[in-house]
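# Structure at a glance
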Amino acid sequence: MTGARTVAAPQEYWERYYAEQFRFGLGTEDILAALVQVPPIHRWADLGCGSESLLWAIALRAERLVAVDADSQRLAILREFAAVERPRGIHRTALTLCGRTEPDAFVNRCRSLKATVVADCLTGAPLGDSILAATKVELVTQFGLLGLCSSEQHFLDCFAAVHQLLASDGWAAGANWVARDLAERVELTEPLYWQAAANAGISLLLLRRIPSADPEFPAVWTYLGRKRHP
Ligand SMILES: C[S@@+](CC[C@H](N)C(=O)[O-])C[C@H]1O[C@@H](n2cnc3c(N)ncnc32)[C@H](O)[C@@H]1O
């Protein structure tokens with residue numbers, strides 16, 4: 001696996017960040033507000049998804065989700081949670097924040113999870129056909145994956161590589177937390193995002209650095225963009 005280590009082990013991460021209570025002030029509500037702007041789409045790939053895709057799925061309206069991560073344990077947590085089809089407290093708050101009040105909203109999001117795939121998404125090379133059976137998607141997201149890159153060049157390479165999965169006119173969205181301790185991690189800056197998006201053929205519609213109350217991660221960058229026609 002290429003890149004810096006994730007801040008906590010699978011079960012601890014799931015309990016710390018995605019447990020019963022929605023924690024306001026960490027940027028989550030801002031990320032959800034960015035995601036609700038994406039129109040309904042058919043195919044969505046969430047890269048470096050961990051066990052958390054269903055939180056972001058609440059804001060989105062995707063029919064088919066392929067969840068990809070290097071860690072099979074995190075994917076197992078995601079699959080088990082999706083199978084139960086019951087939202088935790090954080091999900092109930094997100095449903096309200098996103099105006100997803102229809103009775104089956106969460107169940108439908110759980111059922112949209114069509115596949116989980118173990119893959120390294122930080123090699124800087126295009127992801128293999130095993131992920132999507134050569135079919136492009138209308139939305140590529142990553143939340144906390146590309147922030148694990150070790151240098152600006154690594155970030156540029158991986159940003160371009162992961163968005164090769166995207167169909168023309170497709171949507172790119174995500175967020176990356178800024179670690180207080182940058183050891184082993186790329187320093188995320190506005191010019192770096194603009195450069196990465198330009199290289200990947202993506203027009204950014206939104207790019208924001210949101211302050212966070214988390215002392216370990218004092219800010220989070222969130223973005224939304226659209227792949228240009230070739
Ligand atoms: C900060 S966590 C973010 C998890 C989740 N997306 C979220 O919204 O909280 C980073 C995730 O990236 C995964 N990851 C780390 N390196 C990876 C790699 N090289 N390829 C694919 N996934 C990776 C980790 O297993 C972890 O699930």
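Residues numbered from 1 in each chain as written. Predicted model: local features only at pLDDT ≥ 70, side-chain atom pairs only at ≥ 80, totals over all residues. Heavy atoms only, no water.

Under an unreviewed UniProt entry, the chain has the name Class I SAM-dependent methyltransferase and belongs to Solihabitans fulvus.

## As for the environment of A45
Just so we agree on the cut-off: Counting from the N terminus, the helices are DSSP H or I runs at least four residues long and the strands are E runs at least two residues long. Residue exposure (1.4 Å probe, protein chains only): buried if accessible area is under 20% of the type maximum, exposed if over 50%, otherwise partly exposed.
Among the secondary structure elements, A45 is positioned in strand β1 (residues 41-47). Under the relative-accessibility criterion, A45 is labelled buried at 0%. Taking the C-alpha atoms as reference points, A45 and L165, 120 residues apart in sequence, are found 8.3 Å from one another.

## Examining the site of the ligand
We count it as follows: Throughout, the term near means that a residue has one or more heavy atoms lying within 4 Å of the molecule or strand in question. Here a polar contact is recorded for every N or O atom pair within 3.5 Å, except that within protein the pair must consist of a potential hydrogen donor and a potential acceptor, and residues adjacent in sequence are included only if both atoms are side-chain atoms. Each accessible area value is a Shrake-Rupley result obtained with a 1.4 Å probe; residue values ignore everything except the protein chains displayed when judging cover. Note on residue categories: nonpolar means Ala, Val, Leu, Ile, Met, Phe, Trp, Tyr, Cys or Pro, charged means Asp, Glu, Lys or Arg, and polar means any other residue, Gly included.
The environment of the ligand is made up of 22 residues, and the closest members are Y13, Y18, G48, D69 and D120. Within the side chain of W56, a nitrogen or oxygen atom sits 2.9 Å from an oxygen atom of the ligand. A distance of 2.8 Å separates a nitrogen atom of the ligand from a polar atom in the backbone of F143. In the complex, the protein chains occlude 97% of the 590 Å² of accessible area that the ligand would expose alone. Across the shell around the ligand, the residue classes tally to twelve nonpolar, five polar and five charged.

## Topic: the sheet that holds strand β3 (residues 113-118)
Here is the rule we go by: Each pair of strands is called paired provided DSSP finds at least two bridges between the two strands. Here, axes are lines fitted to C-alpha atoms. For helices the fit covers the stretch in contact, and angles between N-to-C directions go from 0 to 180 degrees. Note on contacts: a residue pair is in contact if any heavy atoms of the two residues lie within 4.5 Å.
Spatially, β3-β2-β1-β4-β5-β7-β6 is the arrangement adopted by the seven strands of the open sheet, whose pairing is mixed. Looking at strand neighbours, the two that pair on one side only are β3 and β6 (202-211), the edges of this open sheet. When the angles between neighbouring strand axes are averaged without regard to direction, this sheet yields 15°. Across six bridges, the pairing between strand β4 (residues 137-143) and strand β5 (residues 166-178) is parallel. Paired with L139 across the strands is W171, a residue of β5. Contacting β4, β5, β6 and β7 (219-227), helix α2 (residues 28-35) runs over the sheet at an angle of about 5° to β7. Packing against the sheet, helix α4 (residues 72-84) makes contact with β2 (62-69) and β3, and its axis sits at approximately 165° to β3.

## What to know about the pattern of salt bridges
Opposite charge on two side chains allows them to pair when their charged atoms are near. Which entries qualify depends on this criterion: Whenever Lys or Arg places a side-chain nitrogen within 4 Å of a carboxyl oxygen from Asp or Glu, that contact is recorded as a salt bridge.
All told, the structure shown has four salt bridges when counted by the stated rule. E138 is paired through a salt bridge with R43; the nearest N and O atoms lie 2.4 Å apart. Here the residue E138 occupies a position in strand β4, and R43 occupies one in strand β1, the gap between them amounting to 95 residues. On the basis of relative accessible area, E138 is assigned to the buried category, the value being 18%. D71 is the partner of R74 in a salt bridge, and the nearest nitrogen-oxygen pair spans 3.0 Å. Across the pair, exposure class does not vary: R74 and D71 are buried alike.

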